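Summary of the model geometry
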Amino acid sequence: MLKLRRAVVVDAGTSIEAPEQELVIELVTAGGGGDAARRPAIADVALVGRAEVGDEVIVNVQALDLGLGSGGSDIVHVNLSRGLGGEEDQDPAHPARPARPARPHVMKLNYTSLQHAVAPVEEEWTDLSTGPLERPVAVLALHGQLAAVAWAYAQAVPGGRLGYVQTEGGALPAGHSRTARALRERGLLSGHLTAGAAFGGEGEAITTAGALHHGLCALGWDAAVCGPGPGIVGSSSPLGHGGMSALDSAHAALALGCSTLLVARMSSGDLRARHRGISHHTLTVLDLLLEPVTVALPAGMRSPVGADLRAGLGAVFGGAMPSRPMLELDVERPARITRHDWRRAVVDLPAYASSGLPTETMGRRLIEDPLFFGAALAGGGALAELAARGDSSNGRHEEGATEGEAKLRM
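These notes cover the structure that comes with them. From a predicted model like this one, the values you see are computed outputs, not experimental measurements. (Residues numbered from 1 in each chain as written. Predicted model: local features only at pLDDT ≥ 70, side-chain atom pairs only at ≥ 80, totals over all residues. Heavy atoms only, no water.)

Moving on, we get to the packing of helix α8 (residues 306–317) against helix α10 (residues 370–389). Two numbers describe how α8 lies on α10: the axes approach to 12 Å, and their chain directions differ by 80 degrees. By the angle class used here, α8 and α10 are roughly perpendicular. Of the residues in α10, those touching α8 at Leu309, Leu313 and Phe317 are Pro370, Leu371 and Gly374. Partitioning the contact of α8 with α10 into residue classes produces five nonpolar, one polar and no charged. (Axes fitted to C-alpha atoms, helices over the stretch in contact; angles between N-to-C directions. Helix = DSSP H or I, 4+ residues; strand = E, 2+ residues; numbered from the N terminus. Parallel < 35°, antiparallel > 145°, perpendicular 65-115°, else oblique. Contact = heavy atoms within 4.5 Å. Nonpolar A, V, L, I, M, F, W, Y, C, P; charged D, E, K, R; others polar.)

Time to look at helix α7 (residues 280–288). Counting buried residues in α7 gives seven out of nine residues, a clear majority hidden from the surface. Those residues of α7 that fall on the buried side of the exposure criterion are His280, His281, Thr282, Leu283, Thr284, Val285 and Leu286. For α7, the secondary structure elements touched by its buried residues are α6 (245–255), β15 (259–262), β17 (277–278), β18 (294–298) and β19 (341–345). Its side-chain oxygen 3.0 Å from the backbone nitrogen of His281, Ser279 forms the N-cap of α7. (Buried < 20%, exposed > 50% of the residue type's maximum accessible area, 1.4 Å probe, protein only. Polar contact = N/O pair within 3.5 Å; in protein donor to acceptor, adjacent residues only side chain to side chain.)

All right, on to the sheet that holds strand β10 (residues 136–139) then. What the eight strands build is an open sheet, ordered β13-β12-β11-β14-β10-β15-β18-β19; its pairing is parallel. Only two strands of the sheet have a single partner each, and these edge strands are β13 (203–205) and β19. Averaged over all neighbouring strand pairs, the angle between strand axes comes to 30 degrees, with direction disregarded. One ladder, built from three bridges, connects strand β12 (residues 191–195) with β13; its direction is parallel. Bridge pairing in β13 places Thr194 opposite Glu204. (Pairing = 2+ DSSP bridges.)

Right, let's talk about the nonpolar core for a bit. Grouped together as the largest cluster of nonpolar side chains are 80 residues, with contacts concentrated most on Val137, Val225, Met266, Leu286 and Tyr352. Residue contributions to this core peak at 11 residues, all from α10. Residues in contact with Val225, not counting those within four places in the same chain, are Ala138, Leu140, Leu146, Val149, Leu162, Gly163, Tyr164, Val165 and Leu189. Residues Ala7, Val9, Ala51 and Val76 belong to the second largest nonpolar core, which totals 14 residues. (Core = buried A, V, L, I, M, F, W, Y, C linked by side-chain atoms within 4.5 Å.)

Pasting the structure below:
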């Protein structure tokens, strides 16, 4: 069951532009009074409206009560003081803007109490042909990779049009991503679409394939990056985690004829053995993919596993590595990952560190986990290379390339 509580808003913040409002609330006790303990809460303005101090709200408290790492706030379910009069003449996903010419009629979060109608971008493209699109798509394992990928791509392709498709696997509301908002403001992203159950983007797509097609064809993106919103669902099992959304996204991109790159989740600082070196999230996707894709490593790193990984860390990151003892980095390598097209890309950690973009992942700073950011930067560099080449080989050997050049040597 939903774990809902009544609460009163005691601080409504000052920003009036952000799509997500940060609140401070006091839970209402059975006797009607406020609880002395104040709690953080967030409200998706497009769904429940903007709150003011003194408003009575219903909040979902389960994630905060469970102490989930990515669920550190209560979520406003409905504002009883001012959230009960939806405007039919507005686009529910963007109440501050006039409605689209096409009346919203497709439900997102359908058959839940937060279902709302959107006008899908797929209907704006009347040509029934679906490809091949022959433009590159980078698929993320984590939202935390997005900034580094977009920054590296922009360094290599100044003025390039890179769009973002947000999928399931992490947070569903687009407004929850401060990173995407910052990248849009700085011109490092040319658009932000939400696909499937994800919602609240600048355009709403029914499917990931539909979002990619719309961005690359109708919006004129030169390349796309596709992945989950902030946070990630996980169970520590091989298949039960949000990183598996990358498998579906990669297959959608491949089916559309896109040159598809998987941005490897790697870490030199994660305390969990399953995520050290190259994460089991990435290895599982690489093992299960029906076709080869491109994967990038920082230049100078020969392999993402074994002794070559440890040697590569020192060679690539040098002084960026912390002085504390290295974590064990032994990773069991699935044999099938050698079929993919492994490429190397130069990374510039100091320049990224001074960019003003996020330099922390799951509580670890860049200096504490340079491999995480280095792998994401390599992904952005490789994406730019694919865009420049118009490369749609998707890991298949280029004419004249030897098997050793086309595949990772391990």
